[in-house]
Amino acid sequence: MKQQLPALGIWLGKAQSWVICLLVLGSLSAPALIQLTGLSTDPSFIDNRPPAPFPALPRSARDVVEFRNGVIKFVGDNFGLRAELVKLNVLIHYRIGVSSIPAVVVGKNGWIFLKNDFAIFDQFRALDRFSDAGLDSWIDAMEQYRQWLAVQGIAFMVVVVPNQQTVYPEYMPGYANRVSPETRLDQLSRRLRERNSKLVFVDLRSTMWAAREKGLLYHQYENHWNAMGSFVGYSAIMQEVKKLFPEVTPLQLSDFTIGASNISWSIPPITEVELTLTPKKPSNIVGTEVLMSVNHVNFEKTSTKLDAAPSVLFYGDSFGDIGLLPHIKETFKWTITVATNWAPFPIELIKEHRPKLVIYELAERYLARQLAHDRVLEADILVAKAPSLKVMLKGTEGLVGGYVDGVGLEGGKVHFYGWAVDGKAKAPANAIYVYLGDRVIGAGVPFVPRPDVTSGMTNQMAGFQIVVARDVKVPSTNRRLRFFSINPGNRVYELNINPPMLPKIEEIFKMKNSG
């Protein structure tokens, strides 16, 4: 006798089956219906960009593939309920303590921290650190800014805003353990002390740690500081500014009415309460002008009625934009703002406007951003500190220290190429100076490999490129062009100009270069 097996599955009545079918069909068709009716939520906040538009209809067979790809992108960005489903997915993951976004991690008590930007998570664990060479290179770049500005009588200050997890480490997930005693910022602070650096370096960590009793200083669900945190940072910065400019009058917390408001985040879709600071007095600002625009980001000059206050150029990132700059702009005679994420160090703006102070502000995580050695600044510093021609001639030892073997004209600038070595020291020259008459018009340091003239030398960087202005104003009675090198032991040699170069140089400068 065969055994009867039970029926597979669950048998439902006709009504229940219809309900389930309708629910399935509704779920599948709802996104399409919502998209077709134009009721979709704008998904721009998800991708930080506008959604892909519907592509143009193909005009030929070759356009079909491009049209197909465009339709796929359009549907992928715009299908109905996409924004709601993404938010729901993020919220479900968040509630169970898991991040659905690779760029962030969920910490204790629901805190959210950045993870990937410049390896910020590994920076917190002290896994991502400076090498010894990289540490000195970073400081050298900042020292170069300081020296260049000092030559022009402009003060310089570096401000590092600590990461959210640096100020609130107890809310990081338990697996975020520290594997080294020093983070990048620890390394930097130590090395500046070891070098007895003259850099005005404002590390806001201790200030932030001490001010935590005032309430939350950073957002719980986003990496920036809030209104109170930015004002605490502003106050610490102004303490250092006042040492340089005693006449400045910083804002005080008593100048504001402290309130509270709700701030809602899209990802995750939650709300937090933050303190607000509302000024009690009218603004000091009298006007703002756009100086230039880069990638749709305006660099502005904001003026106030504080004629006795110093002026400042603020070169910073989003921590400056969020909370800090409104206070800065109310404190100085005028403030120029330049975004570090969109522009190199603003040499030309500084030359044109000559502020009394330049503040370089950066978030702690951006210490991982490499800073390039700037040869324009290097040349300006050398020229400002160059010996007079009389001193050069007096110290010259009579030996030839190298040759100028190339010249070119680009964009109104004259480029000289050549090499300079010290035969006694078996090493490249320390620096090269260009004199037109008795005036120094250019300078530089060898940085180009020249194995053809450095045989037997450890360092083969003996080649140079020096850029000078073509329209140099010197007395017409003395327009002789001469090159000198300063070498190890402060030995001075004159460099020869290769004879084939002389006619071209004479044509460029419209002068006679007699020996």
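Each remark here, short or long, concerns the structure printed above.
First, a word on what this report is: a plain description of the structure on this page. Since this is a predicted model, take the numbers as computed values, not measurements.

Side note on helix α13 (residues 375-384)
Structurally, the α-helix is built with 3.6 residues per turn, so residues lying three or four positions apart point the same way. Listed as buried for α13 are Leu-377, Glu-378, Ala-379, Ile-381 and Leu-382. Residues of α13 that are buried in the fold lie against α6 (132-151), α12 (347-353), β15 (431-436) and β16 (439-444).

Some details on the packing of α6 against α13
Orientation of α6 relative to α13, taken along the N-to-C sense of each, is 45°, at an axis distance of 9 Å. Accordingly, the angle class assigned to the pair α6 and α13 is oblique. In terms of crossing hand, the pair formed by α6 and α13 is left-handed. Only Leu-377, Glu-378, Asp-380, Ile-381 and Ala-384 of α13 make contact with α6, whose side of the interface consists of Gln-144, Tyr-145, Gln-147, Trp-148 and Val-151. Looking at side-chain class alone, the contact of α6 with α13 contains six nonpolar, two polar and two charged residues.

A word on the packing of aromatic side chains
One pass over the full model with this rule turns up 23 aromatic pairs. Taking 4.7 Å as the distance between ring centres and 5° as the angle between the ring planes, the aromatic pair formed by Trp-111 and Tyr-171 counts as stacked. Note that Trp-111 is positioned in the loop between β1 (104-106) and β2 (112-114) and Tyr-171 in the loop between α7 (164-167) and α8 (184-194), a separation of 60 residues in sequence. Residue Tyr-171 is classed as partly exposed on the basis of its relative accessible area of 22%. For the pair Tyr-168 and Tyr-171, a centre-to-centre distance of 6.3 Å together with 40° between the ring planes defines the contact as tilted. Ring pairs connect the aromatic residues Trp-111, Phe-113, Tyr-168, Tyr-171, Tyr-218, Trp-225 and Phe-319, which therefore count as one cluster. Above the plane of the ring of Phe-130 lies Arg-184, whose end atom (NZ or CZ) is 4.6 Å from the centre. When the ring centre of Tyr-366 is taken as origin, the NZ or CZ atom of Arg-365, which lies over that ring, is 5.0 Å away.

A look at the pattern of salt bridges
Using the criterion set out here, one finds 22 salt bridges in the structure. In this structure, Arg-205 engages Asp-186 in a salt bridge whose closest nitrogen and oxygen atoms are separated by 2.7 Å. Of this pair, Arg-205 sits in helix α9 (residues 205-210) while Asp-186 is found in helix α8, placing the two residues 19 residues apart along the sequence. Across the pair Asp-405 and Arg-450 runs a salt bridge, and its minimum N-O distance is 3.5 Å.

Focus: a nonpolar patch on the surface
Together, Trp-18, Leu-22 and Leu-25 line one region of the surface with nonpolar side chains, adding up to about 370 Å² of accessible area. Here Leu-25 is to be found in helix α1 (residues 14-37). A relative accessible area of 53% means that Leu-25 is categorised as exposed.

Remarks on unusual backbone geometry
Of note in this structure, Phe-118 is not a glycine but carries a positive phi near 50°. Turning to its location among the elements, Phe-118 is positioned in the loop between β2 and α5 (120-124). Judged by its relative accessible area of 30%, Phe-118 is partly exposed. Although it is not a glycine, Arg-354 sits at a positive phi angle of roughly 50°. Residue position: Arg-354 is located in the loop between α12 and β11 (357-363).

What about the environment of Asp-321?
As for its placement among the helices and strands, Asp-321 is situated in helix α11 (residues 318-329). Its relative accessible area of 53% is what places Asp-321 among the exposed residues. Along the sequence, Asp-321 and Ala-339 sit 18 residues apart, while their C-alpha atoms lie 8.9 Å from each other.

A look at the pairing of strand β7 (residues 285-294)
Pairing geometry for β7 and strand β8 (residues 297-304), over eight bridges, is antiparallel. For Glu-289, the partnering residue across the bridge sits in β8 and is Lys-301. Where β7 hands over to β8, the hairpin turn is made up of two residues, of which Asn-295 adopts a positive phi near 50°.

Cut-offs and rules
Residues numbered from 1 in each chain as written. Predicted model: local features only at pLDDT ≥ 70, side-chain atom pairs only at ≥ 80, totals over all residues. Heavy atoms only, no water. Buried < 20%, exposed > 50% of the residue type's maximum accessible area, 1.4 Å probe, protein only. Helix = DSSP H or I, 4+ residues; strand = E, 2+ residues; numbered from the N terminus. Contact = heavy atoms within 4.5 Å. Axes fitted to C-alpha atoms, helices over the stretch in contact; angles between N-to-C directions. Parallel < 35°, antiparallel > 145°, perpendicular 65-115°, else oblique. Left-handed = near helix turned anticlockwise from the far one by under 90°. Nonpolar A, V, L, I, M, F, W, Y, C, P; charged D, E, K, R; others polar. Phe/Tyr/Trp six-rings, centres within 6.5 Å; stacked < 30°, edge-to-face > 60°. Lys NZ or Arg CZ within 6 Å of the ring centre and 35° of its normal. Salt bridge = Lys/Arg side-chain N within 4 Å of Asp/Glu carboxyl O. Patch = residues over 30% accessible without salt bridge, like charges linked within 9 Å, V, L, I, M, F, W, Y side chains within 5 Å. Areas by Shrake-Rupley, 256 points an atom, 1.4 Å probe, with all protein chains shown as cover. Pairing = 2+ DSSP bridges.

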